[in-house]
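Single-letter residue listing:
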Amino acid sequence: MPFPIVPEAPDLKSNLLGLDRAGLEAFFSALGEKPYRARQLLQWIHQRGVSDFARMTDLSGKLRERLQTVAEIRPPRVIREQISSDGTVKWLLSERGGSAIETVFIPEENRGTLCISSQVGCMLNCTFCSTATQGFKRNLDASEIIGQVWYAVNALADERFGQRRVTNVVFMGMGEPLLNLSAVKPALGLLRDDLAYGLASRRVTISTAGVIPGIDDLAEGEEFALAVSLHAPDDELRSRLVPLNRKYPLADLMAACKRFTGRHHRRSITFEYTMIDGVNDERRLARGVVRLLNGLPCKLNLIPFNPFPGTPFRPSSDEAIYEFQKVTRAAGIITTVRKTRGDDIDAACGQLVGKLLSPSERRRVVQEQLARQAVNA
Ligand code: SAH
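Every value quoted in this text rests on a predicted model; they were computed, and no experiment measured them. (Residues numbered from 1 in each chain as written. Predicted model: local features only at pLDDT ≥ 70, side-chain atom pairs only at ≥ 80, totals over all residues. Heavy atoms only, no water.)

**Student:** Tell me about the site of the ligand, and name the residues and values.
**Tutor:** Not every one of the 21 residues close to the ligand is listed here, only the nearest: Phe128, Ser207, Ser229, His231 and Asn306. Here an oxygen atom of the ligand and a side-chain polar atom of Glu272 are 3.3 Å apart. At a separation of 2.9 Å, a nitrogen atom of the ligand approaches a polar backbone atom of Asn306. Elements represented by at least two residues in the shell around the ligand include exactly strand E10 (204-208), strand E12 (269-275) and strand E13 (298-304). Here the shell around the ligand is composed, by residue class, of 10 nonpolar, nine polar and two charged. (Near = heavy atom within 4 Å. Polar contact = N/O pair within 3.5 Å; in protein donor to acceptor, adjacent residues only side chain to side chain. Helix = DSSP H or I, 4+ residues; strand = E, 2+ residues; numbered from the N terminus. Nonpolar A, V, L, I, M, F, W, Y, C, P; charged D, E, K, R; others polar.)

**Student:** Can you break down unusual backbone geometry residue by residue, with the values?
**Tutor:** If a residue is not glycine, its phi is most likely negative; likewise, a peptide bond is most likely trans. A positive phi angle, close to 60°, is found at Asn125, a residue other than glycine. Inspection of the secondary structure puts Asn125 in the loop between strand E7 (119-121) and strand E8 (136-139). The residue His231 is not glycine, and still its phi comes out positive at about 70°. Secondary-structure assignment places His231 in the loop between strand E11 (225-229) and helix H7 (235-241). On the accessibility criterion, His231 (5% relative accessible area) is buried. (Buried < 20%, exposed > 50% of the residue type's maximum accessible area, 1.4 Å probe, protein only.)

**Student:** Lay out the environment of Arg246 with the relevant residues and their values.
**Tutor:** Tracing the backbone through its elements, the reader meets Arg246 in the loop between H7 and helix H8 (250-263). Along the backbone, Arg246 and Glu236 are 10 residues apart, and their C-alpha atoms lie at a distance of 9.0 Å.

**Student:** Please provide a residue-by-residue account of the sheet that holds strand E3 (residues 77-83), values included.
**Tutor:** Strand order across the open sheet formed by 10 strands is E3-E4-E5-E6-E9-E10-E11-E12-E13-E14, with mixed pairing between neighbours. Whereas interior strands pair on both sides, the edge strands pair on one side only; in this sheet they are E3 and strand E14 (334-337). Here the average twist between neighbouring strands, direction ignored, is 20°. With four bridges connecting them, E13 and E14 associate as parallel partners. Its bridge partner lying in E14, Asn301 is registered against Thr336. Lying on the sheet, helix H5 (residues 181-192) is in contact with strand E9 (168-171) and E10; it crosses E10 at an angle near 155°. (Pairing = 2+ DSSP bridges. Axes fitted to C-alpha atoms, helices over the stretch in contact; angles between N-to-C directions. Contact = heavy atoms within 4.5 Å.)

**Student:** Pulling in residues and values, what's your account of helix H1 (residues 21-30)?
**Tutor:** Regarding H1, the residues found buried are Leu24, Phe27 and Phe28. Buried residues along H1 cover an arc of 95° about the axis, so they all sit on one side. Facing away from the buried side of H1, by more than 90 degrees, are the exposed residues Ala22 and Ala30. Close packing links the buried residues of H1 with strand E1 (14-15), helix H2 (36-47), helix H3 (61-70) and strand E2 (71-72). One or two steps after H1, the chain reaches Gly32, where phi turns positive at roughly 75°. (Arc of directions from axis to C-beta.)

**Student:** Account for the nonpolar core, with residues named and values stated.
**Tutor:** In terms of nonpolar packing, the biggest core is built from 103 residues, with Leu41, Trp91 and Phe271 touching the most fellow members. Among the elements that take part in this core, helix H4 (residues 142-156) stands out by supplying eight residues, more than any other. Shared between two domains, this core holds at least three residues of each, these being domain 1 (14-72) and domain 2 (77-376). (Core = buried A, V, L, I, M, F, W, Y, C linked by side-chain atoms within 4.5 Å. Domains from an automatic or database assignment.)

**Student:** So what about the pattern of salt bridges? Which residues, and what values?
**Tutor:** With the rule as written, the count across this model stands at 18 salt bridges. For Glu72, the salt bridge goes to Arg74, with nearest N and O atoms at 2.9 Å. Owing to a relative accessible area of 22%, Arg74 belongs among the partly exposed residues under this scheme. (Salt bridge = Lys/Arg side-chain N within 4 Å of Asp/Glu carboxyl O.)

Purely geometric numbers; function is a separate question.
Shown next, in the form of structure tokens:
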């Protein structure tokens, strides 16, 4: 039996799905209940995947009825599920207001990584990312962020997926997580909480295009793995690829990264570098990356550019990636090349649009965006 596709419910009651332990405790004290109820609820919702209060047998009948009248546990509604030939799964989830987001599960031998979205669309306009082509719609709330994990964990436990487990969560889907911290933080709390998903800090990665106040904010709190989207070692090129660089240039970004690693026991930061043919893949740029990252505990992850309809960019050749990697490795930087997964279902990095667009519609949207960028340049 496939995991049931959940019908849409009216938006009247508070959705307990997105409340972390402190949030649930506050909810129960407002109801005049003991705070330990929060612990029971966390386990029912996130460990047992139960969304029906009636099944929560260690709560009194009276409390279950009360909960039914004031609250609900409302997971996202799944519009479409696609499974790639390499086992990658992509779900298109419908969110309130008619928008849609995408969540991707990437199975590997010893782990299962779930790539989740934090916003509907994105406002950063990175020129090589197809999420940018749809513009920014809105922030997801905490229940919509954790709802992706809730749904995937339950669906993947099904026979049909061979009872796969989510061992890692990466905020590398649609959106910029550090521009939606008020919702991302409770979701992070649930991912780490032993009564919810219980993931170790190194298994939860926040990827950012370089939002400095967000990096500093994260550095103050609990530990997580941080990934920074670098893509170029100098401001001129990086500003063209990641327009946010005009606001937060590289020198300031590197200073924030140093503060982060300093706070978090010199835990290393992963720098992501999308390899685009003839744009940012020359050897001299590899040397620039080496100079830039000098002294910082870090790893470098080279991502071959994933094309999408209408983009003028092409992925770097294998040789160019190899040569780039040779330079950074020779300088002592641990450098990996990300395998492209799920590209037959457009589930690879930067291919998530969360829309049911046909290839010709997507081509048109990309061309419109490129025209806008040309005007703004
Ligand atoms: N906003 C966050 C997270 C989303 S993107 C960030 O910028 O980090 C996750 C990673 O995929 C980022 O490093 C992003 O730059 C990269 N990416 C985006 N589009 C891509 C594409 N078409 N091909 C390869 N990588 C891409």
